[in-house]
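Listed below are the residues making up each chain.
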Amino acid sequence: MDARDEAPGDAGEHDDVGHGGHGDVHEHPAPAADRALDGVDHVVAVASAKGGVGKTTVSVALARALAADGLDVGLFDADVYGPNVPELLDVEGPVRATDDGAAAPVERAGIETMSVGLLADGGPVAWRGSMAHEALSELLFDTAWGHTVDTADEAAARDVEVDDDEVGRLDVLVLDVPPGTGDIPLTITQSVPVDGTVLVSTPAATALSDTARFRELLDENGVPTLGVVSNMDGFTCPTCGDSHDLFDGDVDAGDTLECPVLASLPFDADLRDRLAVDPAADGDDAVPDAAREVAAAVRERIGLDGDDPVPSAAVDVRGMPERPRREHVRAEAADTDPGGRLSVLDSTPPDPLLDVVAAGFGCPPDALDPRVRRHDDGRWSLTVERPVDGAPTDAERAAADAESGGPEVTGR
Ligand SMILES: Nc1ncnc2c1ncn2[C@@H]1O[C@H](COP(=O)(O)OP(=O)(O)OP(=O)(O)O)[C@@H](O)[C@H]1O
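Bear in mind that the values here come from a model prediction, so they are computed numbers and not experimental data.

1. Looking at the packing of helix 12 (residues 322-334) against helix 13 (residues 354-361)
Item 1. Between helix 12 and helix 13, whose axes approach to 7 Å, the crossing angle comes to 40°. Taken together, helix 12 and helix 13 sit at an angle that is classed as oblique. Regarding helix 12 and helix 13, the two cross each other, and that crossing is right-handed. Listed contacts from helix 13 to R326, V329, R330, A331, E332, A333 and A334 of helix 12 are V356, V357, A359, G360 and F361.
Item 2. In terms of residue class, the contact of helix 12 with helix 13 is built from eight nonpolar, one polar and three charged.

Here it is as structure tokens:
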């Protein structure tokens, strides 16, 4: 059976032969991401715990939104079992070689792309397990990112000389990772220095709980999660205009996954057609607003929005055990003056600490406007302003207690 004949959603079956479940992942300590990707400044992985939830759609939408922002963008289709990116970007092989013999990415709509689909000529892909991973890694690392080679027609269309190869750098490379929670998606995200992962899930309870397990695996393996895109999140009937939930159960993706919801994308039957690149009109009108929101959040979180130094007074909790770090952050938050700012420095995305900061401020988390940044050296910071009308600081409370002769006893 060709791997593509397997049932959608049974993504775990795409794992290495004989390594189907979560537990096996830990028996294969993946290689550290110690190999830089030439020509690429930042790498963002788009991953899902299940197949068919819209990962490729989100990858293409994100790449198009980033390109529409004027960035140099690449999109690597690592989905060996369903390489759909070429179809959406309307590109096809053959892949040309640069003068150095590396594979030149194919460019369309300002996005440089490489995909097994460009090599496999639409035929079935029957790689399994480690074979697929090795071939994909080789393709990813052997692609001359930032270096496009035009045919005569393409050169004419772009008004450049045919032998005038363009060599540059990518600001960001989006990785469309194969679905599932097994070895391949994990090792793909580990074998390159990924700045962060965008998770894609439907708001269905089962999809979210699978995604939560996948997020844990990413955490355990040091792959940062930037947030989640909640896809097919509601449907508005074009006839009556009523909104409907498509899935049972009203589950909050952010709560379940303990990460920010970067955007919600409703079910939209025309989305694929709108996103697919029309060679006759390569404008960026097709980019949905939700994709622009995801792009803005990604840019901010991976530090693409310019020079952003670590706040000098940041509370450094790197390396602290979980409980003391939470107590420390809570105490610092309680000590922050209303209107004042608290910054926390961590080695992983510090989003889970927002609840702790809110508890210290004495306000609900959604009253806060957190700013999360990944700095160039890989550190993360969370900066939050304490609302002026929040609870009193510990110091104010102590002063008030002293004035009134001690804390009020509340009779319990
Ligand atoms: N928000 C949406 N509204 C309507 N259709 C959507 C939406 N998101 C994705 N789809 C459709 O769902 C199908 C699966 O989407 P997509 O290929 O992006 O999923 P995937 O997770 O990448 O799948 P695979 O596991 O095969 O890689 C496609 O036909 C796509 O057009």
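So, next bit.
2. Some points on the site of the ligand
Item 1. Not every one of the 20 residues close to the ligand is listed here, only the nearest: G51, G54, T56, T57 and R272.
Item 2. Of all the secondary structure elements, the ones that give two or more residues to the shell around the ligand are helix 2 (55-68) and helix 10 (271-275).
Item 3. Class assignment for the residues of the shell around the ligand results in seven nonpolar, nine polar and four charged.

3. Regarding the packing of helix 2 against helix 11 (residues 289-301)
Item 1. Relative orientation of the contacting elements helix 2 and helix 11 amounts to 70°, with a least axis distance of 8 Å. Classed by the angle they form, the pair helix 2 and helix 11 counts as roughly perpendicular. For the pair helix 2 and helix 11, contact is made by A61, L62, R64, A65 and L66 and by A291, R292, V294, A295 and V298, respectively.
Item 2. By residue class, the composition of the contact of helix 2 with helix 11 is eight nonpolar, no polar and two charged.

4. With respect to the pairing of strand 1 (residues 40-47)
Item 1. Of all eight residues that make up strand 1, seven are buried, and the element is covered over most of its length.
Item 2. Two elements, strand 1 and strand 7 (residues 170-176), share six bridges in a ladder whose sense is parallel. When the bridges of strand 7 are listed, V44 appears paired with V174.
Item 3. By the bridge criterion, four bridges tie strand 1 to strand 8 (residues 196-201) in an arrangement that is parallel. Paired with A47 across the bridge in strand 8 is L199.

5. Description of the domain arrangement of the chain
Item 1. Each assigned domain of the chain is listed here: domain 1 (7-301) and domain 2 (315-396).
Item 2. Taken together, the nine residues of domain 1 in the interface contact seven residues of domain 2.
Item 3. The residue inventory of the side of domain 1 that touches domain 2, partitioned by class, reads four nonpolar, two polar and three charged.

6. Looking at the UniProt feature "binding site: ATP" (unreviewed entry) in the chain
Item 1. The UniProt record annotates "binding site: ATP" (unreviewed entry) at A49, K50, G51, G52, V53, G54, K55 and T56.
Item 2. C-beta crowding within 10 Å serves as the criterion here: with 14 such atoms nearby, G52 is assigned to the partly exposed category.

7. Things to note about the sheet that holds strand 4 (residues 111-115)
Item 1. Spatial strand order, 3-4-2-7-1-8-9-12: eight strands in an open sheet with mixed pairing. Single-partner strands in this sheet number two, and they are strand 3 (106-108) and strand 12 (261-265). Each neighbouring strand pair of the sheet contributes to a mean axis angle of 25°, computed without reference to strand direction.
Item 2. Bridge count between strand 8 and strand 9 (residues 225-231): five bridges; the pairing is parallel. Looking at the pairing, T197 lines up with T225 of strand 9.
Item 3. Where helix 2 meets the sheet, its contacts fall on strand 1, strand 2 (73-77), strand 4, strand 7, strand 8 and strand 9, and the angle it forms with strand 7 comes to roughly 170°.
Item 4. Running over the sheet, helix 11 touches strand 1, strand 8, strand 9 and strand 12 and is turned about 170° from strand 12.

Scoring rules and cut-offs
- Residues numbered from 1 in each chain as written.
- Predicted model: local features only at pLDDT ≥ 70, side-chain atom pairs only at ≥ 80, totals over all residues.
- Axes fitted to C-alpha atoms, helices over the stretch in contact; angles between N-to-C directions.
- Helix = DSSP H or I, 4+ residues; strand = E, 2+ residues; numbered from the N terminus.
- Parallel < 35°, antiparallel > 145°, perpendicular 65-115°, else oblique.
- Left-handed = near helix turned anticlockwise from the far one by under 90°.
- Contact = placed C-beta atoms within 7 Å.
- Nonpolar A, V, L, I, M, F, W, Y, C, P; charged D, E, K, R; others polar.
- Near = placed C-beta within 6 Å.
- Buried ≥ 20, exposed ≤ 12 C-beta atoms within 10 Å, placed from the backbone.
- Pairing = 2+ DSSP bridges.
- Domains from an automatic or database assignment.
- UniProt positions renumbered as here; feature names shortened; annotations may be inferred.

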